[in-house]
Amino acid sequence: QVQLVESGGGLVQPGGSLGLSCAASRNIFRLSLMGWYRQAPGKQRELVAVFNSGSTYYADSVKGRFTISRDNIKNTVYLQMNSLKQEDTAVYLCKAVEVGVGQYWGQGTQVTVSS
C-alpha cells in the first residue's frame, strides 16, 4: 500500500505560477508510474504529467508550461505550473502504480485560475 498526499493547490491569477507536491508514504523508487492527473467539473480525468517506466510524459496542453520532478529521498513528486490559464482549473490528483499490486490515488488538491 502507498498513501499519497497532495498539497500546494489554491487560487492564482491567469499567467501566475503554482507548485504542487505529492508525498508518498514509502519509497517511490520502484513505482512504475507516478505523477499528476486532473479533473475539471463535467470533464473526464486526464493525464497532466507523469514519470512512467523511466520516461516523462506531458499532456500537449501543458508542455512548456508545467514541469514534473521528483525527490526519491523525500518520496515526493512535484508539479511546477507556470503561465497558468483558466482552463487549467481542476482538481489535481497524484497517482502511483505498483506493478503487480495496483494503483493508488491521492485525495486531490484544487487549483483555481481566475482573475
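Given the structure is predicted, the values throughout are model-derived calculations rather than measurements. (Residues numbered from 1 in each chain as written. Predicted model: local features only at pLDDT ≥ 70, side-chain atom pairs only at ≥ 80, totals over all residues. Heavy atoms only, no water.)

Participant: Quick one: what's the story with the state of the cysteines, residue by residue and with numbers?
Facilitator: What makes a disulfide is a covalent bond joining the sulfur atoms belonging to two cysteines. Under the defined criterion, the tally for this structure stands at 1 disulfide. Paired through a disulfide, C22 and C94 show a sulfur-sulfur distance of 2.0 Å. One disulfide, between C22 and C94, carries an S-S torsion of -85° and so falls in the left-handed class. Of this pair, C22 sits in strand β3 (residues 18-24) while C94 is found in strand β9 (residues 90-98), placing the two residues 72 residues apart along the sequence. According to the relative accessible area criterion, C22 is buried, its value standing at 0%. (Disulfide = S-S within 2.5 Å. Helix = DSSP H or I, 4+ residues; strand = E, 2+ residues; numbered from the N terminus. Buried < 20%, exposed > 50% of the residue type's maximum accessible area, 1.4 Å probe, protein only.)

Participant: Which residues make up the layout of surface pockets, and what are the values?
Facilitator: Approximately 150 Å³ is the volume attributed to the largest pocket. R38, K43, E46, E87 and D88 are, among the 13 residues lining the largest pocket, the residues nearest its centre. Its residues placed into classes, the lining of the largest pocket shows 2 nonpolar, 4 polar and 7 charged. (1 Å grid on protein atoms, 1.4 Å probe; cavity = no way out; pocket = protein on both sides within 12 Å on 5 of 7 lines; lining within 4 Å. Points joined across faces, edges and corners; volume = space filled by probe spheres on them. Nonpolar A, V, L, I, M, F, W, Y, C, P; charged D, E, K, R; others polar.)

Participant: Quick one: what's the story with the packing of aromatic side chains, residue by residue and with numbers?
Facilitator: If you walk through the whole model with that rule in mind, you get 1 aromatic pair. Both rings, one in Y37 and one in W105, keep their centres 5.2 Å apart while their planes meet at 70°; by these two values the pair is edge-to-face. With Y37 in strand β4 (residues 33-39) and W105 in strand β10 (residues 102-105), this pair connects stretches of sequence that are 68 residues apart. Here R45 stacks its cationic end above the ring of W105, 4.4 Å away from the centre of that ring. (Phe/Tyr/Trp six-rings, centres within 6.5 Å; stacked < 30°, edge-to-face > 60°. Lys NZ or Arg CZ within 6 Å of the ring centre and 35° of its normal.)

Participant: Explain the pattern of salt bridges to me, using residue names and the numbers behind them.
Facilitator: Under the definition given, this model contains 5 salt bridges. Put simply, R38 and E46 hold a salt bridge, and the shortest N to O gap is 2.6 Å. Residue classification places R38 among the buried residues on the basis of a relative accessible area of 5%. Taking the relative accessible area as the measure of exposure, E46 reaches 36% and is therefore partly exposed. The salt bridge partner of D88 is R38, with a shortest N-O separation of 3.0 Å. Placement of D88 in the loop between β8 (76-81) and β9 and of R38 in strand β4 is noted, with a sequence separation of 50 residues between them. For the pair D88 and R38, a shared accessibility class is recorded, and that class is buried. Shared partners join several salt bridges into a network, and the residues in it are R38, E46, R65 and D88. (Salt bridge = Lys/Arg side-chain N within 4 Å of Asp/Glu carboxyl O.)

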